[in-house]
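One letter stands for each residue in the lines below.
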Amino acid sequence: MILHIDKNIDSARLKQLADFYEAITITDDNKHVLVTPSAIKTIDDAHQQFVKEIFVFDTDIQLASRKYLKEKRNVTIGKNDIGGNSRNVLVAIGPCSVESVEQITQSAEFLKRLGLNTLRAGSFKPRTSPYTFQGLGIEGLKMLDKIRQDYGFSIITEVRDSTHVDDVIAYADIVQVGAKSMYDHGILRKCGKTNKPILLKRGFGTNLQEFVQAAEFILSGGNNNVILCERGIRTFETKTRFTLDLCGAAYLKENTNLPVILDPSHAMGYAYGVPDLARACMAMDIEGLLIEVHPNPKVALSDASQQLDHQQFENLFGTLKAIAGAINRTII
Ligand code: PEP
Ligand code: MN
């Protein structure tokens, strides 16, 4: 249950109410918001006088629920917005990992030529094997920072674990929490304490309820700027790396108030399938796409098999623009 409480309430009384209802308290410009376990569905008559609005839920999807906010939340990315009243669709591209100044500069030049504004590249990489490239760490964040300054792009980069969460939050414009980190509560709680947009990827063994509840940790920490990203789940199928859950995307669109982004690259795992899948994603009428694009995928240090080269992306981009136009979306 969510309770809206008048901003002028006495602080001791607010604490008493929060304790009584086992609630987390969030304070915004106009009110206090108490979020109780969803199992609590009514308030005592004596407390009515303090409560301006009450929202009751079937499950612990509460702050993220459409039953709470009918409109999609607005998230500002650089000079543009996604969600809210906008019809923008974010196309965020870049290599899986920042590997060198030369590689990331080539990527930035490519974005500039296409008129895109958001570069995505990881520097703390959550790899499946400890014996592979782990990312450039802080050095890579500094390379991305230089790109931001030189090109004015927004940078999406990922936080791998709680050891460098503060650094990543400081350097990123959008903090990506990867599929393998989705359950790291150290990360989720830190992400709740910043106002930077958080791109939360769905764990590949996570159902939709668990995924959105992870988003609730960030929202209930006080950060409203959460974006959900479906990136493929594990099924019995082994011919593709994962299975992109477009039904799940439809569910998230219908039932949550958070912008939704799709990542066909990690779902497919092979470049040959990414353009078709990306077009299907765009046709889902969601708020954005993440696509891995590398100047020379053959020598990429991570996720080499799935990254598009610049020519492949440019061919795809022409068709993405046509689909965006057909559904009245503007690519940012
Ligand atoms: C990535 O975006 O490069 C990545 C590691 O993705 P995921 O967390 O979805 O596996
Ligand atoms: Mn990757």
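Residues numbered from 1 in each chain as written. Chains lettered and ligands numbered in written order. Predicted model: local features only at pLDDT ≥ 70, side-chain atom pairs only at ≥ 80, totals over all residues. Heavy atoms only, no water.

Let us look at the overall build of the protein chain. In terms of helices and strands, the protein chain carries 10 helices and 15 strands. Its C-alpha atoms give the protein chain a radius of gyration of 20 Å, near enough to 20 Å, the size a compact globule of 332 residues would have. Seen along its three principal axes, the alpha-carbon backbone of the protein chain occupies a region of about 65 × 40 × 40 Å. Taken over 332 residues, the protein chain has a buried fraction of 54%. When the accessible area of the protein chain is evaluated, it comes to approximately 14400 Å², of which 51% is carbon and sulfur surface. Where the 38 positive side-chain charges of the protein chain centre and where its 39 negative ones centre are 3 Å apart. (Helix = DSSP H or I, 4+ residues; strand = E, 2+ residues; numbered from the N terminus. Rg over C-alpha atoms; globule rule 2.2 N^0.38 Å. Buried < 20%, exposed > 50% of the residue type's maximum accessible area, 1.4 Å probe, protein only. Areas by Shrake-Rupley, 256 points an atom, 1.4 Å probe, with all protein chains shown as cover. Lys, Arg positive; Asp, Glu negative; His and termini not counted. Charge placed at Lys NZ, Arg CZ, Asp CG, Glu CD.)

It is worth spelling out the sheet that holds strand β3 (residues 31–35) at this point. A sheet is described by the order of its strands in space; here 4 strands give the open sequence β2-β3-β1-β4, paired in antiparallel fashion. The sheet is open, and its two edges are formed by β2 (24–27) and β4 (51–55), each paired on a single side. Ignoring strand direction, the axes of neighbouring strands in this sheet form an average angle of 20°. One ladder, built from 4 bridges, connects β2 with β3; its direction is antiparallel. Looking at the pairing, Ile26 lines up with Val33 of β3. Where helix α1 (residues 11–20) meets the sheet, it contacts β1 (2–6), β2 and β3, and its direction lies at approximately 20° from that of β3. (Pairing = 2+ DSSP bridges. Axes fitted to C-alpha atoms, helices over the stretch in contact; angles between N-to-C directions. Contact = heavy atoms within 4.5 Å.)

Glancing now at the side chain of Ser107. Relative to the assigned elements, Ser107 resides in helix α2 (residues 101–114). The class of Ser107 is buried, set by a relative accessible area of 3%. Aside from chain neighbours lying at most four places away, what touches Ser107 is Pro95, Leu119, Pro295 and His310.

What follows is about the packing of aromatic side chains. Here the structure, examined in full by the defined rule, presents 7 aromatic pairs. Measuring from ring centre to ring centre gives 4.9 Å for Phe55 and Tyr68, while their planes differ by 90°; the resulting arrangement is edge-to-face. One end of the pair, Phe55, is in strand β4; the other, Tyr68, is in the loop between β4 and β5 (74–77), with 13 residues separating them in the sequence. For the pair Phe55 and Tyr68, one class covers both residues: buried. Across from the ring centre of Phe242, 4.3 Å away, lies the NZ or CZ of Arg231, which sits over that ring. Geometry around Phe204 places Arg234 over its ring, the cationic atom sitting 5.1 Å from the centre. (Phe/Tyr/Trp six-rings, centres within 6.5 Å; stacked < 30°, edge-to-face > 60°. Lys NZ or Arg CZ within 6 Å of the ring centre and 35° of its normal.)

Here we take up the environment of Val212. Looking at the element boundaries, Val212 is found in helix α6 (residues 208–220). When its relative accessible area of 0% is taken as the criterion, Val212 is described as buried. Not counting chain neighbours up to four residues away, the residues in contact with Val212 comprise Ile61, Ala64, Leu252 and Thr256.

To continue, consider the pairing of β5. Where burial is concerned, the two faces of β5 differ: the one with Val75 and Ile77 is buried and the one with Asn74 and Thr76 is not. Relative to strand β6 (residues 80–83), β5 runs antiparallel, the two sharing 4 bridges. Among the inter-strand pairings, Thr76 is bridged to a residue of β6, identified as Asp81. Where β5 folds back onto β6 in an antiparallel hairpin, the turn is made up of 2 residues, including Gly78, whose phi is positive at roughly 60°.

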